[in-house]
Amino acid sequence: MSEPTIESVLHEARLFQPPADFSQQAHIKSLEDYQKLYDKAKANPEAFWAELAEQELHWFQKWDTVLDWQPPFAKWFVNGKINISYNCLDRHLTPERRDKAALIWEGEPGDSRTFTYAQLHEEVCRFANGLKQLGIHKGDRVGIYMPMIPEAAIAMLACARIGAIHTVVFGGFSAEALRDRMVDGKVKLVVTADGGWRKDAIVPLKEQVNKALADPATASVEKVLVVQRTQQATEMQADRDVWWHELEPTLSADCPAEPMDSEDVLFILYTSGSTGKPKGVVHTTGGYNLYTHITTQWIFDLQATDVYWCTADVGWITGHSYIVYGPLSNGATSLMYEGAPRPSNPGCFWDVIEKHKVTIFYTAPTAIRTFIKMGEDLPKARDLSSLRLLGTVGEPINPEAWMWYHRVIGGERCPIVDTWWQTETGGILITPLPGAIPTKPGSATCPFPGILADVVDLDGDTVGNNEGGYLAVRYPWPGMMRTVYGDPDRFRRTYWEHIPPKDGHYTYFAGDGARRDEDGYFWIMGRVDDVINVAGHRLGTMEIESALVSHPAVAEAAVVGKPDELKGQDIVAFVTLEGSFSPTEALGKELKQHVVKEIGAIARPGEIRFADALPKTRSGKIMRRLLRGLAAGEEISGDTSTLEDRGVLDRLREGT
Ligand code: WT7
């Protein structure tokens with residue numbers, strides 16, 4: 001673990017007040033209102049969450065205990081019965097809302113579909129009946145490996161409806177990565193598509209599924225349900241694979257939502273850590289429903305007529321919480337887009353905003369930095385006046401990018417919510433409430449009511465204002481992950497023991513460095529572990545190292561992040577070779593491609609540096625601090641006295 005440093009963070013003084021007309025009609029209207037809510041929640045978190053759960057959600061049966069906290073294991077709304085698909089669909093089938101658009105979808109080639117709440121309900125019921133017909137029962141795991149098409153959201157809601165546990169795998173992951181997740185989750189059925197559109201090309205998803213399932217380790221998978229999207233030819237295995245368009249006409253649209261226990265698992269989502277293979281983050285039903293519901297409502301200040309667009313992929317937690325579950329639970333209109341800005345259509349995001357009169361736009365800093373590079377002319381050529389609120393997520397946003405977003409996209413009238421959270425937290429924990437909290441470019445500002453966030457040292461003591469420390473949470477919240485799938489010990493070790501529990505009091509360790517300024521605003525400084533963030537995608541350096549050493553030419557590999565203007569961080573791999581191989585450009589290319597095959601294109605190293613040895617301590621530990629410095633092109637200073645062979649450093653610097 002590395003020490004958080006504060007030098008890298010600008011001391012930003014600009015302050016932006018929420019616009020008065022925005023505040024007037026907002027859910028939370030002033031700093032005083034926020035403060036009151038915060039204090040109320042802090043004084044009695046259980047009462048705060050229970051009141052919201054009662055007001056905001058439909059329960060088949062009320063809970064008897066709000067929180068059962070046996071650190072680090074939490075249960076929320078114990079013995080409550082609830083179904084998140086019911087809360088996202090059935091309860092909106094009122095005369096006023098049934099014909100409102102629930103999902104607006106734009107495909108990359110320009111096709112488009114809209115589902116009203118009534119239509120989406122019908123589709124989900126049919127899909128749920130399809131899953132049942134293929135042998136899926138409550139508690140079974142269903143893999144979802146899909147492009148950004150409506151059926152991805154429909155499949156998730158269908159699983160939730162019958163109590164099957166979904167595990168969505170981002171469509172950009174390779175067959176190998178998919179296989180690992182299917183094996184770990186003991187998945188029984190995979191939902192996929194023939195292909196998906198990605199930057200004017202077809203990604204052959206079903207081919208990847210075929211490859212993944214060729215491995216006998218995936219024997220738990222009995223069926224594959226295939227949605228037709230691209231008319232891509234694919235080999236269908238007769239006893240295993242079923243076309244959705246052939247099954248659909250045979251299915252009834254009547255499928256009551258299964259009353260689930262609050263603590264029944266809703267989904268598993270794999271994410272990278274600093275050690276070992278990706279871990280299955282487990283989220284359960286009741287607490288997750290409440291937390292995504294109320295954070296979406298207050299942070300995006302949802303109003304009845306909003307058209308809300310989050311540009312994430314449903315393969316990530318952002319897509320789960322803030323494309324599907326949060327917006328739909330609120331009865332909002334959620335827009336889903338298959339495409340991405342690309343050379344043939346760099347202005348596509350602005351076209352989508354203009355076409356659908358999007359009012360709330362939520363994207364990642366890496367995307368904003370790319371827009372800056374593409375120039376102001378593209379967004380200025382479109383009418384973006386429908387926008388009233390902007391959001392960012394995934395990595396720290398540099399103040400210059402914030403200012404550009406504010407000026408060029410927000411027309412200087414839209415508040416910006418910089419939202420800090422993680423796959424593990426289920427929903428946003430630190431963020432402005434746009435009608436209440438003045439913003440500072442580059443700061444995620446203040447904790448959401450009910451979130452006792454803190455900046456601490458490794459003893460768990462709160463550090464002083466403007467001192468760097470570790471971001472931590474002092475009390476459980478309803479949306480928090482419950483465990484690592486199949487590995488409760490890893491859950492305890494990774495999140496609850498870095499900061500030693502004191503008097504039975506446990507503190508959640510987020511893995512991020514942070515500082516809190518004199519106004520109590522949080523400034524997130526990036527990961528303090530061996531996790532890197534490349535274009536908003538989270539990757540474990542060990543995962544990439546394992547991928548590299550699985551290539552016959554590689555003896556040893558050490559992967560670090562280096563600062564990158566567009567992506568935030570880029571991947572640099574230091575590699576030593578087996579005796580019979582020599583470092584050539586062709587081999588460098590081959591190794592990059594090998595990582596793509598093992599993990600996916602998001603993990604492709606930007607640079608491979610061949611070395612004759614890696615810098616190690618006398619006890620054999622790779623000195624990553626040195627490698628990070630070398631990768632960033634810094635002069636290596638500081639203590640190198642523990643380095644075993646000083647010559648290694650000179651040779652690396654010279655780039656052998
Ligand atoms: C890591 C979590 C949950 C959103 C998508 C990423 C970084 C996330 C911010 C932000 C600074 C941020 C952190 C965090 N991060 N949002 N607003 N400011 N850093 O989810 O893949 O689980 O990654 O993303 O480092 O730990 P994830």
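Just above, that's the structure.
Residues numbered from 1 in each chain as written. Predicted model: local features only at pLDDT ≥ 70, side-chain atom pairs only at ≥ 80, totals over all residues. Heavy atoms only, no water.

Caption draft 1: Layout of the site of the ligand. The environment of the ligand is formed by 17 residues, the closest being Asp 418, Thr 419, Thr 423, Asp 512 and Arg 538. The side chain of Arg 538 places a nitrogen or oxygen atom 2.7 Å from an oxygen atom of the ligand. Protein burial of the ligand: of its 550 Å² of free accessible surface, 95% is covered by the chains. Among the secondary structure elements, those contributing two or more residues to the shell around the ligand are helix H11 (317-329), strand E20 (416-419) and strand E25 (522-527). Taken together, the residues of the shell around the ligand sort by class into six nonpolar, six polar and five charged. (Near = heavy atom within 4 Å. Polar contact = N/O pair within 3.5 Å; in protein donor to acceptor, adjacent residues only side chain to side chain. Areas by Shrake-Rupley, 256 points an atom, 1.4 Å probe, with all protein chains shown as cover. Helix = DSSP H or I, 4+ residues; strand = E, 2+ residues; numbered from the N terminus. Nonpolar A, V, L, I, M, F, W, Y, C, P; charged D, E, K, R; others polar.)

Caption draft 2: How the structure looks around the pairing of strand E19 (residues 389-393). Burial of E19 is extensive: five of the five residues sit out of reach of the surface. Of the two faces of E19, the one carrying Leu 389, Gly 391 and Val 393 and the one carrying Leu 390 and Thr 392 are both buried. In terms of strand pairing, strand E18 (residues 360-363) meets E19 through four bridges, oriented parallel. Looking at the pairing, Tyr 362 lines up with Gly 391 of E19. Summarising the sheet, E19 and E20 pair through four bridges and their orientation is parallel. For Leu 390, the partnering residue across the bridge sits in E20 and is Ile 416. Each parallel crossover has a hand, and the one from E19 via helix H15 (residues 399-409) to E20 is right-handed. (Buried < 20%, exposed > 50% of the residue type's maximum accessible area, 1.4 Å probe, protein only. Pairing = 2+ DSSP bridges. Right-handed = clockwise from strand over helix to strand, strands pointing away.)

Caption draft 3: Main features of the layout of surface pockets. The computed volume of the second largest pocket comes to approximately 300 Å³. Lining the second largest pocket are 15 residues, with Asp 180, Lys 277, Pro 278, Glu 543 and Ile 599 positioned closest to its centre. Looking at the lining of the second largest pocket, the elements that each hand over two or more residues are helix H7 (175-184) and helix H17 (541-549). In terms of residue count, the dominant contributor to the lining of the second largest pocket is H7 (six residues). (1 Å grid on protein atoms, 1.4 Å probe; cavity = no way out; pocket = protein on both sides within 12 Å on 5 of 7 lines; lining within 4 Å. Points joined across faces, edges and corners; volume = space filled by probe spheres on them.)

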